[in-house]
Amino acid sequence: MSPRDVYRPAPALKLLSLGAGVQSSTLLLLSARGAIPRFDYALFADTGWEPPAVYAHLERLEAVAADAGIPLLRVAVGNIRDDALDPRHRFASMPLFIKGPNGERKMGRRQCTAEYKVRPLKREARRLLGYPHPARVPKGVYATQAIGISVDEVHRAKDADVGHLRNVFPLLDIGWSRRDCAAFLTLHGLGDTPKSACVGCPFRSNESWAEMRATDPASFEDAVAFDAAIRHGPAGATERGMSLQGTAYLHRDRIPLDQVDLGIDTGPEPDGCSPWSCRGNDEEDDQDTGTHGGDR
């Protein structure tokens, strides 16, 4: 415990950052059943482009939360797919795979998580505390924000970067792994909890793309169409002086998505996209250019 924590007053609110994946769904269910302290609110940052299975699961979680008296709020700033294709919209960079003019491999900066998940969650926390932007949150007034990070990814646990939030990690406190979470959800009828990630997330593995093509062909065709549309970057990027200096793709092979051999094993995929622990950072670090721009 740090000296700051010794003298810090009690939190005004207990929030759950709900990504609707395995770990954060486990936290909601644990709280609903009284196994961990009750959350005052569960917040889901909606990019507008989650797969249908995630939205269906979110409706189940809303029922779980309602039965426990936990308001589940959806927060959003827009639809990430539509915004990327709208030249009138403010450009937010996505981690696209880029092939340079001479075949060099680069990667776009990742701003989508900050724009569509982190900022809306911070904004809503301020509102719930009673100090919406641009009001100043008084010193000592804060909310705890529970994040679904399990013991197998403890290195991703970080404190919040704003004074009105303090990140807490209940799964670390009870020593649960992702496997423990999956077993708990299965025990309570939620064993089919999907991974939470945008339909067109570039960090999908071949296995994930192939599964989408087989089980959700409409979403796969949507991703194929989006992939073709962003070949020279999201709409409006060039007009804003943000040339990619190459061609962009959703797939790491840097070829059109509908031409990829999805039978090739590309290794384990990130378990999903958490606002606070996106495993896309690892993917970016693996790129040979060193260019830098995960609930699951």
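Here the structure is a predicted model, which is why all the values come from computation and not from measurement.

Asker: Explain the overall build of the protein chain to me, please; I cannot follow it from the model alone.
Answerer: Of regular secondary structure, the protein chain possesses 10 helices and eight strands. Across the 296 residues that make up the protein chain, the buried fraction comes to 51%.

Asker: So what exactly am I meant to see when it comes to the pairing of strand β7 (residues 165-168) here?
Answerer: Regular strands place side chains that alternate from one sheet face to the opposite one. Only one face of β7 is covered, namely the face carrying Leu165 and Asn167; the face carrying Arg166 and Val168 is uncovered. Relative to β7, strand β6 (residues 143-146) runs parallel, the two being bridged by four bridges. What sits directly across from Ala146, in β7, is Val168.

Asker: Would you explain the packing of aromatic side chains in this entry?
Answerer: For any pair of aromatic rings, the description rests on two quantities: the centre-to-centre distance and the angle between the ring planes. On inspection of all chains with the given rule, the structure shows three aromatic pairs. The aromatic ring of Trp209 is capped on one face by Arg204, whose charged end is 5.8 Å from the ring centroid. Lying over the aromatic face of Phe220, Arg213 brings its terminal NZ or CZ to 5.9 Å of the ring centre.

Asker: What am I meant to see in the pattern of salt bridges here?
Answerer: Where charged atoms from two side chains of opposite charge come close, those side chains can pair. Enumeration according to the criterion identifies nine salt bridges in this entry. For Arg81, the salt bridge identified is with Asp222, shortest N-O distance 2.6 Å. On the criterion of sequence distance, the pair formed by Arg81 in helix α4 (residues 80-84) and Asp222 in helix α9 (residues 217-229) is long-range, its members being 141 residues apart. Through salt bridges that share partners, Arg81, Asp82 and Asp222 make up one connected network.

Asker: Just checking my understanding: could you explain the pairing of β6 for this structure?
Answerer: Neither face of β6 is exposed, since Ala143 and Gln145 on one face and Thr144 and Ala146 on the opposite face are all buried. Here strand β1 (residues 13-17) runs beside β6; their pairing, made up of four bridges, is parallel. Its bridge partner lying in β6, Leu15 is registered against Gln145.

Asker: What am I meant to see in the sheet that holds strand β4 (residues 97-99) here?
Answerer: Within a sheet, neighbouring strands are paired by backbone hydrogen bonds and run either parallel or antiparallel to one another. The strand order β5-β4-β8 describes an open sheet built from three strands, whose pairing is antiparallel. With partners counted over all chains shown, the strands left at the sheet margins are β5 (105-107) and β8 (247-249), one partner each. The sheet shows a mean angle of 35° between the axes of neighbouring strands, taken without regard to direction.

Asker: What should I look at first to understand the sheet that holds β1 in this one?
Answerer: Here five strands make up an open sheet; going across it, the order is β3-β2-β1-β6-β7 and the pairing parallel. Each of the sheet's edge strands pairs with one partner strand only, and the pair in question is β3 (72-75) and β7. Put simply, the sheet's adjacent strands are angled 30° from each other on average, direction ignored. With three bridges connecting them, β1 and strand β2 (residues 41-45) associate as parallel partners. Residue pairing in the sheet places Ser17 in a bridge with Leu43 of β2. Against the sheet, helix α2 (residues 22-32) engages β1, β2, β3 and β6, with an angle of about 145° to β1.

Asker: What's the story with α2 in this structure? I'm lost.
Answerer: Burial within α2 is extensive, with 10 of its 11 residues counted as buried. For α2, the set of buried residues is Val22, Gln23, Ser24, Ser25, Thr26, Leu27, Leu28, Leu29, Leu30 and Ser31.

Asker: Would you explain the confidence of the model for the protein chain in this entry?
Answerer: Low-pLDDT portions of the prediction should not be read for the details of their coordinates. Residues at a pLDDT of 70 or more form 83% of the protein chain, whose mean pLDDT is 87. The low-confidence segment residues 281-294 (pLDDT under 50) makes 32 contacts with residues lying over four places distant or belonging to another chain.

Asker: Any chance you could explain the side chain of Glu124 here in plain terms?
Answerer: Considering the arrangement of structural elements, one finds Glu124 in helix α5 (residues 112-129). In contact with Glu124, other than residues within four places in its own chain, are Leu43, Leu73 and Val75.

Asker: Is there a simple way to explain the nonpolar core in this structure?
Answerer: Trp209, Phe220 and Phe226 are the most contacted members of the largest nonpolar core, which totals 26 residues. Of all the elements in the fold, those that place two or more residues in this core are α4, α5, α8 (206-215) and α9. Element by element, the count of residues in this core is highest for α9, at four residues. Those residues in contact with Phe220, other than ones at most four positions away along the chain, are Trp209, Met212, Arg213, Leu257 and Leu262. By size, the runner-up hydrophobic cluster in this structure holds 24 residues, among which are Phe39, Ala42, Phe44 and Leu58.

Asker: It is not clear to me how the packing of α2 against helix α7 (residues 178-187) should be interpreted in this structure. Could you clarify?
Answerer: The description of two helices packed together rests on the angle between their axes and the distance between the axes. In the contact formed by α2 and α7, the axes pass within 9 Å of each other and the chain directions differ by 55°. The angle between α2 and α7 falls in the class oblique. As α2 runs across α7, the sense of the crossing is left-handed. On α7, the residues touching Val22, Gln23, Ser25, Thr26, Leu29 and Leu30 of α2 are Arg178, Cys181, Ala182, Phe184 and Leu185.

Conventions and cut-offs
By convention here, each chain's residues receive numbers from 1 onward along its written sequence. Local features in a predicted model are, by the rule used here, given only for residues with pLDDT of at least 70; side-chain atom pairs are given and counted only at 80 or more, and totals for whole chains, interfaces and linings are based on all residues. Hydrogen atoms and water are omitted, and side-chain values are computed over all heavy atoms in the structure. Under the scheme used here, helices are H or I runs from DSSP no shorter than 4 residues and strands are E runs no shorter than 2 residues, and both carry numbers assigned from the N terminus. Relative accessibility decides the category of a residue: with a 1.4 Å probe and only protein chains considered, values under 20% of the type maximum give buried, values over 50% give exposed, and everything between is partly exposed. Two strands form a pair only when DSSP identifies at least two bridges running between them. Pairing of aromatic rings covers Phe, Tyr and Trp, the last counted by its six-membered ring, and requires centre-to-centre distances within 6.5 Å; plane angles under 30 degrees mean stacked, over 60 mean edge-to-face, and any other angle means tilted. The rule for a charge over a ring is simple: NZ of Lys or CZ of Arg within 6 Å of the ring centre, and within 35 degrees of the ring normal. The working definition used for a salt bridge is a side-chain nitrogen of Lys or Arg within 4 Å of a carboxyl oxygen of Asp or Glu. Structural elements are reduced to axes, namely lines fitted to C-alpha atoms, with helices fitted over the stretch in contact, and the angle between N-to-C directions of any two is expressed from 0 to 180 degrees. For this analysis, residues touch if any pair of their heavy atoms sits within 4.5 Å. A residue's pLDDT is simply how confident the predictor is in it, with values from 0 to 100. Among buried residues, those of type Ala, Val, Leu, Ile, Met, Phe, Trp, Tyr and Cys that are joined through side-chain atoms within 4.5 Å constitute a nonpolar core. Roughly parallel covers angles under 35 degrees, roughly antiparallel covers those over 145, roughly perpendicular covers 65 to 115, and oblique covers all other angles. For any helix crossing, the convention is left-handed if the near helix is rotated counterclockwise from the far helix by under a right angle, and right-handed if that rotation is clockwise.

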